[in-house]
Amino acid sequence: MVLPFGLLMLTALLVSLAVARQAPSEPIPGRADIITIDGLRAFGPLERPPVVFFHGKHTEALAKAQKDCLACHPQGEKYLSLKYNRTADTDKQAVMDVYHDGCIGCHADYRSQNQPSGPVTCGECHVAEKAVNNIRAGIGLDKSLHYRHVKAAEQKCERCHHAYNPETKQLYYDKGKEGACLYCHKDQTQENRIAYRQAAHLDCVGCHRELSLQKKTAGPMECAGCHDPEAQALIAKVADIPRLERNQPDVTLVKAHREDEKVDAQKPRMALVPFDHLKHEGATQYCRTCHHAELTSCASCHPIQGHADGKMVKLSQAMHEQDAQMSCVGCHTQKQLRAECAGCHASMPAEKVWAGEAACKVCHMPQEAPVARPGYEMLASEMAASLIDARRQIPPPVAVEDIPETVIIDHLVDAYEAVKMPHRQIVQKLSDLMRDDALAAAFHTQPTTFCQGCHHNSPASLKPPQCGSCHGRTSDAMNLTRPGLMAAYHEQCMLCHEKMGIEKPANRDCTACHAKRAETARNN
């Protein structure tokens, strides 16, 4: 039978549509050099969508034509202007003309030479939505990268660090008070203080360009060199980094008041908190991880009663806020997401971990009455060292013979063979993972503390109650947080395996853990 031509065409169209629906969508390309050109916002609402600009693509094209940054960025007072073909925004029409004359003119010139070129019409640049994935990742000077810059600058910190004198309206170098750029340069330009992004690109790229012109070793000048995650992973790390000296103490007591605050010595106070500053330096890559606003004590902005300098955030909030990475509890909570910790902590409410008296006493170390207080700075250091030494008295681990070798789980024996769980092997593996972990050593105050990862509602003990003591065969209708025994086992075991990245069993089929029970056994 011969089909009519129209029917053939309709069939072909439907087939092609079906194939198109089934075809995998093209992956959206990822770029780290995306710049959104929307400078006209400064003069009011935009008339057209902003332009998505690929800076690296243009840099490569200019390099092939033996041109450099000066082709688009005029020389400023010290470094090149970050603005395209101008040093300041004078008025809307002038800024618009700079882009239209410069961009379209350059593209037209390349076209006249039959070379690859860019768009020349409005709709080709001003596109509402452009299918491109922005993979730009922020970069900071971690300890390794900072040390490499210190070495390259021959220890001359003033090459990067500066302060502002409001009286002379001049920048100057304030030796001994160097801080992170973010302390002064914020997300947006404030009066005469340019935004962090501008400051970083002016100084970093400007310095790299100068060194390059002098034929010296220089850092990246293209966007991807700093902001592409793959490029960041290739940045060489210095293995042995000298300590960055900023007059910081090795150990100290956490201050609760500002230097200018009058303290009532008779007022009841929390137990002292000794702080091992040196050890925490080794656990972080940036001083700003904790010192997020300036390199001073936390209490200078966050005293007990709060202060305007710290947006009235009190010391207790600054130290205990779980969602803030710069707080003690917030940072420690993030550490619990590591695979070796997540098996237990993923199913454990944060309140249960941090709200207990035992956790409080790890930091707030109680002293016998009368409670001693530091009288001067040296005494504070000595007292802190003494308390930290006392904290480090780790109790011996549980003896192997006290750990049950196996636990038999047989509540599904009607359908499956009993599961012989290698209890001792699991306990010893967890112990191995925590052996050199300072955080676990501090907060697992008893050898049986980590048993509470599974035995989560009973006190730490060598003989905690079995799971069936709390979980019945069915869920507790009066307590919706207490599932039945089968659900409790599966939730605890499977979540732990998932969070710790345990590959065995390879599948989640029941028989991966529960051997199928023989028919004769079931009948018996």
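Look above for the structure.
Now for a look at the structure at hand. The shown structure was predicted, so the numbers you read here are calculated from the model rather than taken from an experiment.

**Some points on the overall build of the chain**
Along the backbone of the chain there are 19 helices and ten strands. Taken along the three principal axes of its C-alpha coordinates, the chain extends 100 × 90 × 45 Å. By the burial criterion, 23% of the 524 residues in the chain qualify as buried. For the chain, long-range pairs separated by at least 24 residues make up 53% of all intrachain contacts whose partners lie at least 6 apart in sequence. Accessible surface, the chain as shown: approximately 36,100 Å² in total, 57% of it carbon and sulfur. Considering the chain, the positive charge centre built from 60 side chains and the negative charge centre built from 62 side chains are found 1 Å apart.

**Brief notes about the side chain of S81**
Position of S81 relative to the elements: it lies in the loop between helix 2 (55–64) and helix 3 (92–112). Polar contacts involving the side chain of S81 include one to the main-chain carbonyl oxygen of R86, which spans 2.8 Å. Once residues lying within four places of it in the same chain are set aside, the contact partners of S81 are H73, P74, G76, R86 and T87.

**Some words on the pattern of salt bridges**
Going through the model one piece at a time under the given rule, you end up with 17 salt bridges. R41 serves as the salt-bridge partner of D38, at 3.0 Å between the closest nitrogen and oxygen. Ionic pairing is found between D432 and R435, a salt bridge with its closest N-O pair at 2.8 Å. Overall, the relative accessible area of 42% leaves D432 in the partly exposed class. With relative accessibility at 57%, the residue R435 sits in the exposed group. Where salt bridges share partners, they join K83, R86 and D89 into one cluster.

**Quick word on the packing of aromatic side chains**
All chains considered together, the criterion is met by two aromatic pairs. Aromatic side chains Y84 and Y99 sit 5.4 Å apart centroid to centroid with 20 degrees between the ring planes, which places their arrangement in the stacked category. Residue Y84 is located in the loop between helix 2 and helix 3, and its partner Y99 is located in helix 3; the two are separated by 15 residues in the primary sequence. Like Y84, the residue Y99 is buried in the burial classification. Residues W354 and F443 carry aromatic rings whose centres are separated by 5.3 Å and whose planes lie at 85 degrees to one another, so their mutual orientation is edge-to-face. Pair noted here: W354 is in helix 13 (residues 350–354) and F443 is in helix 17 (residues 438–443), with a separation of 89 residues, a long-range link. Both residues of the pair, W354 and F443, count as buried.

**Re the environment of G140**
Considering the arrangement of structural elements, one finds G140 in the loop between strand 4 (133–134) and helix 5 (143–152). Separated by 317 residues in sequence, G140 and N457 place their C-alpha atoms 43 Å apart. Setting aside residues no more than four positions away along its own chain, G140 makes contact with L145, Y286 and R288.

**Focus: the state of the cysteines**
Tallying each qualifying case throughout the model produces zero disulfides. Unpaired in terms of disulfides, C328 finds its nearest cysteine sulfur in C363, a separation of 6.6 Å. Exposure remark for C328: the relative accessible area of 32% places this residue in the partly exposed category.

**Some remarks on unusual backbone geometry**
Looking along the chain, the bond that leaves K504 and enters P505 is cis, with omega of -5 degrees. With a phi angle near 55 degrees, N114 is a residue other than glycine that sits in the positive phi range. Take N114: it is sitting in the loop between helix 3 and helix 4 (122–125). N114 gets classed as exposed once you look at its relative accessible area, which sits at 74%.

**Digging into helix 5**
Within helix 5, burial applies to S144, L145 and V150. Trailing helix 5 by a residue or two, E154 shows a phi angle of about 55 degrees, which is positive.

What counts and what doesn't
- Residues numbered from 1 in each chain as written.
- Predicted model: local features only at pLDDT ≥ 70, side-chain atom pairs only at ≥ 80, totals over all residues.
- Heavy atoms only, no water.
- Helix = DSSP H or I, 4+ residues; strand = E, 2+ residues; numbered from the N terminus.
- Buried < 20%, exposed > 50% of the residue type's maximum accessible area, 1.4 Å probe, protein only.
- Contact = heavy atoms within 4.5 Å.
- Areas by Shrake-Rupley, 256 points an atom, 1.4 Å probe, with all protein chains shown as cover.
- Lys, Arg positive; Asp, Glu negative; His and termini not counted.
- Charge placed at Lys NZ, Arg CZ, Asp CG, Glu CD.
- Polar contact = N/O pair within 3.5 Å; in protein donor to acceptor, adjacent residues only side chain to side chain.
- Salt bridge = Lys/Arg side-chain N within 4 Å of Asp/Glu carboxyl O.
- Phe/Tyr/Trp six-rings, centres within 6.5 Å; stacked < 30°, edge-to-face > 60°.
- Disulfide = S-S within 2.5 Å.

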